[in-house]
Number of protein chains: 2
Amino acid sequence: VTSQLQDSLRARLGPGGVLAGDDVGQRYEADATRQQPLRPPFVVRPSSTEELSFVLRACHEVAQPVAVQGGLTGLCGGATPHAGEIAISLERLSGVEGIDPASMTMTVRAGTPLEKVQEAAAAAGFLFPLDLGARGSCTIGGNISTNAGGNEVIRYGMARALVLGLEAVLADGTVVSSMNRMLKNNAGFDLKQLFIGTEGTLGIITRAVLRIFPAPLSAQTAMCSAADLAHVIRLLQHLRRRLAGGLSSFEVMWPDYVDFISARIEGLRVPFAADGSLFVLIEHEGTQPDSDPAMFEAVLGDALQEGIIRDAAIARSEREAAEFWRLRDGIGDVHREIARAAHFDISVPLGSLQAMIDAVKGDLAANFGDGVTQLTFGHLGDGNLHLVALSDPADQERVFELVYTRVGEFDGSISAEHGIGTVKRRYLHLSRSASEIELMRRLKKTLDPKAILNPGRVIP
Amino acid sequence: VTSQLQDSLRARLGPGGVLAGDDVGQRYEADATRQQPLRPPFVVRPSSTEELSFVLRACHEVAQPVAVQGGLTGLCGGATPHAGEIAISLERLSGVEGIDPASMTMTVRAGTPLEKVQEAAAAAGFLFPLDLGARGSCTIGGNISTNAGGNEVIRYGMARALVLGLEAVLADGTVVSSMNRMLKNNAGFDLKQLFIGTEGTLGIITRAVLRIFPAPLSAQTAMCSAADLAHVIRLLQHLRRRLAGGLSSFEVMWPDYVDFISARIEGLRVPFAADGSLFVLIEHEGTQPDSDPAMFEAVLGDALQEGIIRDAAIARSEREAAEFWRLRDGIGDVHREIARAAHFDISVPLGSLQAMIDAVKGDLAANFGDGVTQLTFGHLGDGNLHLVALSDPADQERVFELVYTRVGEFDGSISAEHGIGTVKRRYLHLSRSASEIELMRRLKKTLDPKAILNPGRVIP
């Protein structure tokens with residue numbers, strides 16, 4: 001069947017449309033986890049919605065399962081092919097179709113790298129605010145299908161909030177085009193929601209209408225230190241009140257993180273003594289270049305005076321701002337040392353966060369003594385915590401179970417922004433109820449009755 | 001069957017839980033359209049999620065269709081009972097369960113009036129920003145199930161953007177509880193999207209977790225005049241760039257609207273001569289009470305200087321701001337005169353709006369001469385246009401068809417914020433494709449196989 005299918009797809013898509021044998025490069029074997037890589041028998045690369053529709057119709061007919069691939073930068077194994085699957089790559093369905101300054105929207109194809117989207121918006125004088133480390137390789141289709149988060153969620157929301165219209169192809173090849181360009185549209189069900197954050201299990205995204213924004217006219221950066229998480233939360237509320245939507249980053253780093261990173265990155269200057277404080281990296285985007293710096297300083301001055309923070313350092317130059325960000329981004333520079341650690345991307349209601357962290361610390365100490373170094377940091381403005389636990393690889397499964405169980409107990413999420421894929425599937429029941437998972441199954445069965453789209457992902 | 005069902009529901013819910021006969025007041029007969037009112041044989045009023053689950057399980061068993069009712073303020077006939085339907089009112093499933101200042105969320109029951117939600121947020125020092133004229137009667141469950149818009153969408157988004165978690169009961173009585181309190185949660189499908197804006201056709205919302213915000217620290221109001229729509233769009237872009245997220249209202253009124261309203265409301269002062277200009281009502285919410293007024297004046301001053309606007313008047317007091325709003329809200333004061341007019345709630349990409357308006361004017365003139373007075377106004381910051389066409393009631397069907405056909409031609413929406421209900425169902429195909437409508441049908445069949453939840457609403 002597979003070879004007949006390959007022939008018919010090659011006939012329709014042309015030679016560049018199908019890669020087989022040695023032409024299937026290593027990049028198609030796994031996502032960024034590089035766990036259990038597998039070379040698919042062939043890779044289909046449609047260059048239009050119509051071609052993808054043809055491909056899926058053909059696969060559906062013979063019940064051929066497919067692994068959907070964008071930039072392969074995912075962290076949950078979702079795009080890694082399973083045995084028996086062919087790969088569909090969106091890499092040739094790429095490009096920015098247009099920008100509409102009046103409605104402040106842009107129309108893009110799914111395979112366009114995020115950075116190209118950002119650049120096209122900037123060239124037209126606008127900002128597309130979704131941003132993450134993988135910007136050069138990840139694709140906008142992948143960003144949308146995983147509802148990507150990133151650095152400016154507190155100001156602009158997740159990918160979901162930035163999508164006005166969407167086109168997707170269903171498992172049977174049906175094209176569902178909902179390329180809405182209006183902020184307000186209540187004409188029937190909002191079908192695009194089916195394809196945002198469902199990781200390619202209900203349909204394959206082909207095109208999108210995105211919101212773009214005027215570029216900010218000023219930017220301020222500061223590092224603060226606070227005695228404990230309760231004070232950090234007070235700081236967040238103070239800034240939300242005094243900076244409103246202008247607060248664009250609120251990154252918190254616990255002492256364990258600060259000590260680990262600053263000891264390992266040469267020449268990194270930390271603005272305060274490490275006295276057990278939590279560090280908070282703050283960014284503000286404003287519209288008043290003349291008065292914003294003084295305003296920002298006054299807001300932080302009030303936080304000092306009211307005893308909310310211990311210390312504050314405002315970046316006086318872009319170079320200084322970049323220096324502050326080096327501490328936060330330093331986690332990327334130590335990737336070799338933490339490659340085999342257990343990485344967590346969780347969220348918990350802020351009021352329960354300290355109790356959850358304490359419980360996890362207690363669990364790890366009780367099970368492994370002091371053998372597990374922890375690095376605690378996160379986009380705390382939106383409740384998202386990253387935790388790295390450097391444990392003996394043999395203990396890793398147990399570490400995952402302990403942490404995710406606590407996350408569930410505190411009504412948190414086992415995946416704040418990375419998704420579920422295959423890697424977190426077995427833990428989904430700790431964050432979602434049986435009736436929720438059953439409803440996910442029902443939707444999957446309705447939209448993909450033969451289970452050919454990314455089977456075995458997300459749903460346990 | 002109906003009487004047996006009534007008995008069993010009364011036994012479970014107690015006497016206040018079921019109203020029958022003369023106890024069924026007029027209010028349960030129709031929504032705010034008051035079109036084709038019908039008294040249902042009885043009204044079920046569950047006071048808990050468990051009671052509603054029992055009610056739906058019982059209805060599902062005997063395939064008893066139900067009309068779902070919140071505050072009955074809808075404008076599309078959705079909550080008006082059809083022949084053979086009983087009504088389920090959420091009015092006893094009411095109350096604010098709690099406010100969490102740390103995560104800036106509040107938890108509410110579906111039957112809580114919007115105004116009570118706003119008041120509870122305000123009492124805790126926060127703002128719940130969804131706001132519309134019916135605030136005293138409409139319920140938060142109705143707001144969410146219709147994805148309500150209102151006056152501050154440009155700043156805070158539609159109801160969808162304000163909901164973090166949701167609990168709903170499916171047609172068969174299954175409770176799906178997704179009461180998430182985090183801004184970021186990508187653990188599996190975002191099931192709440194199934195129930196937001198689907199007008200009670202896929203499930204009945206029982207509880208919600210809402211986002212709340214710090215109350216703004218300053219507010220500025222101005223009225224501007226501009227030569228034409230192209231200049232109004234330039235003004236919008238100017239304000240978006242210079243005020244960013246602080247721009248909270250951008251209400252546009254065409255000369256036809258201004259003339260009609262100002263001639264009919266006694267003592268209404270219009271700040272500029274009616275010289276064929278479009279009027280724009282602007283509100284800004286800020287965080288710097290000391291400097292915001294001067295900043296706002298400078299931003300409008302620049303718009304004058306750059307020739308974007310003809311004139312501007314800044315409200316110097318709350319009384320003056322209220323005076324400006326009287327012109328915009330005046331449409332509510334002339335409701336008797338326009339009661340039998342054709343009312344439109346449409347959205348069109350801003351770049352096509354003038355062409356669409358011109359085409360509609362041409363169509364109406366060609367068909368009815370100058371017999372159709374038009375009032376044109378809208379929340380233009382989000383592309384939403386309200387149009388009132390005062391035609392001979394005998395021509396009304398034809399007027400609807402002409403306008404909606406043009407809306408479809410210009411890729412617009414036949415319902416920006418009011419929903420579809422029964423009233424706009426027959427026009428849905430002008431805004432949505434056959435494959436989109438087919439997918440809506442498929443979802444409906446999956447979640448409500450016996451078609452007992454608001455049957456005949458939304459889907460043609």
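Before reading on, note that the structure itself is shown above.
Here is a short report on the structure shown in this document. (Residues numbered from 1 in each chain as written. Chains lettered and ligands numbered in written order. Predicted model: local features only at pLDDT ≥ 70, side-chain atom pairs only at ≥ 80, totals over all residues. Heavy atoms only, no water.)

1. What about the packing of helix α7 (residues 255-264) of chain A against helix α9 (residues 318-333) of chain A?
Packed helices, taken two at a time, are described by the angle their axes make and the gap between the axes. Residues and elements named next belong to chain A. Put simply, the rule reads: Whenever a helix is involved, its axis is fitted only over the stretch in contact; in every case the axis is a line through C-alpha atoms, and angles between N-to-C directions fall within 0 to 180 degrees. Per the convention used, a helix needs a DSSP run of H or I reaching at least four residues, while a strand needs a run of E reaching at least two, with both numbered from the N terminus. Reported orientations rely on four angle classes, namely roughly parallel under 35 degrees, roughly antiparallel over 145, roughly perpendicular from 65 to 115, and oblique for the rest. By definition in these notes, contact holds between two residues if any of their heavy atoms fall within 4.5 Å. Amino acids are sorted into nonpolar (Ala, Val, Leu, Ile, Met, Phe, Trp, Tyr, Cys and Pro), charged (Asp, Glu, Lys and Arg) and polar (every other residue, Gly among them).
It is at 9 Å that the axes of α7 and α9 come closest, and there the two elements cross at 75°. By the angle between their axes, α7 is roughly perpendicular relative to α9. Of the residues in α9, those touching α7 at Tyr257, Val258 and Ile261 are Leu327, Arg328, Asp329, Gly330 and Ile331. Considered class by class, the residues forming the contact of α7 with α9 number 5 nonpolar, 1 polar and 2 charged.

2. A few points about the packing of helix α6 (residues 229-243) of chain B against helix α8 (residues 292-305) of chain B
Residues and elements named next belong to chain B. Where we set the bar: Should the near helix be turned anticlockwise from the far one by less than a right angle, the crossing is left-handed, and should it be turned clockwise, the crossing is right-handed.
Where α6 meets α8, the closest approach of the two axes is 11 Å, and the angle between their N-to-C directions is 145°. Handedness of the crossing formed by α6 with α8: right-handed. Between α6 and α8, the contacting residues are Leu235, His238, Leu239, Arg242 and Leu243 on the first element and Met295, Phe296, Val299, Leu300, Asp302 and Ala303 on the second. In terms of residue class, the contact of α6 with α8 is built from 8 nonpolar, 1 polar and 2 charged.

3. Observations regarding the relation of the copies chain A and chain B
Cut-off, in case you're wondering: When the copies are superposed, the least-squares fit draws on C-alpha atoms of residues that have pLDDT of at least 70 in both.
Superposing chain A onto chain B requires a rotation of 180° together with a translation of 0.0 Å along the rotation axis, leaving an RMSD of 0.0 Å. Taken together, the turn and the small shift mark the pair as related by a two-fold rotation axis. Looking at the interface residues of chain A, 100% of them are also at the interface in chain B, so both copies use one shared face.

4. Section: the packing of aromatic side chains
All names here are of chain A. Threshold: Stacked, edge-to-face and tilted are the three classes for Phe, Tyr and Trp ring pairs, Trp counted by its six-membered ring, which pair at centre distances within 6.5 Å; planes under 30 degrees apart are stacked, over 60 edge-to-face, the rest tilted. The criterion for a charge sitting over a ring is simple: Lys NZ or Arg CZ within 6 Å of the ring centre, and within 35 degrees of the ring normal.
Applying the stated criterion across every chain, the model contains 16 aromatic pairs over all chains. Where phenylalanine 272 meets phenylalanine 279, the ring centres are 5.5 Å apart and the plane angle is 85°; that geometry is what we call edge-to-face. An aromatic cluster is defined as three or more aromatic residues linked by ring pairs; in this entry it consists of Phe344, Phe400, Tyr404 and Tyr427. In this arrangement the basic side chain of arginine 27 is found over the ring face of tyrosine 28, its NZ or CZ atom lying 5.4 Å from the centre. Taking the ring centre of phenylalanine 260 as reference, the NZ or CZ of arginine 264 above it sits at 3.7 Å.

5. Some points on unusual backbone geometry
Applicable threshold: With a 1.4 Å probe rolled over the protein chains alone, any residue whose accessible area is under 20% of its type maximum counts as buried; one over 50% counts as exposed, and the rest are partly exposed.
Backbone geometry places Met104(A), a non-glycine residue, at a positive phi of 50°. Tracing the backbone shows Met104(A) in the loop between β5 (96-100) and β6 (105-109). Using a relative accessible area of 7% as the deciding quantity, one classes Met104(A) as buried. A positive phi angle, near 50°, is found at Ala451(B), a position not held by glycine. Tracing the backbone shows Ala451(B) in the segment after α12 (434-447).

6. Digging into empty space enclosed by the protein
Condition: Cavity and pocket criteria rest on a 1 Å grid covering protein atoms alone: a 1.4 Å probe that fits but cannot get out defines a cavity, protein on both sides within 12 Å along at least 5 of 7 lines defines an open pocket, and an atom within 4 Å of a point defines a lining residue. Grid points are joined across faces, edges and corners, and a volume is the space filled by probe spheres set on the points.
Scanning the model with the defined rule gives 10 cavities of 30 Å³ or more in all. Counted as a void, the largest cavity has a volume near 190 Å³. For the largest cavity, the lining is made up of 20 residues, of which Ser103(A), Met104(A), Leu183(A), Arg240(B) and Gly381(B) are closest to its centre. Considering each element in turn, the lining of the largest cavity owes the most residues, 3 residues, to α6(B). Taken together, the residues of the lining of the largest cavity break down into 11 nonpolar, 5 polar and 4 charged.

7. Describing the pairing of strand β3 (residues 66-69) of chain A
All names here are of chain A. Put simply, the rule reads: What makes two strands pair is DSSP finding at least two bridges between them.
Neither face of β3 is exposed, since Val66 and Val68 on one face and Ala67 and Gln69 on the opposite face are all buried. Judged from the 4 bridges that link them, β3 and strand β4 (residues 86-89) form a sheet pairing that is parallel. Bridge assignment links valine 66 to a residue of β4, and that residue is isoleucine 86.

8. Quick word on the sheet that holds strand β13 (residues 247-253) of chain A
Residues and elements named next belong to chain A. The antiparallel open sheet is built from 7 strands, whose spatial order is β15-β12-β14-β13-β17-β18-β16. Strands at the two margins of the open sheet, each flanked by one partner only, are β15 (311-314) and β16 (342-347). When strand polarity is set aside, the average angle formed by the axes of neighbouring strands in this sheet is 15°. As paired elements, strand β12 (residues 218-226) and strand β14 (residues 278-286) share 9 bridges and run antiparallel to each other. Paired with serine 225 across the two strands is phenylalanine 279, which belongs to β14. Helix α6 (residues 229-243) contacts β12, β13 and β14 of the sheet and is inclined by roughly 175° relative to β13. Against the sheet, helix α11 (residues 396-409) makes contact with β16 and β18 (384-390), and its axis sits at roughly 10° relative to β16, the strand it touches most.

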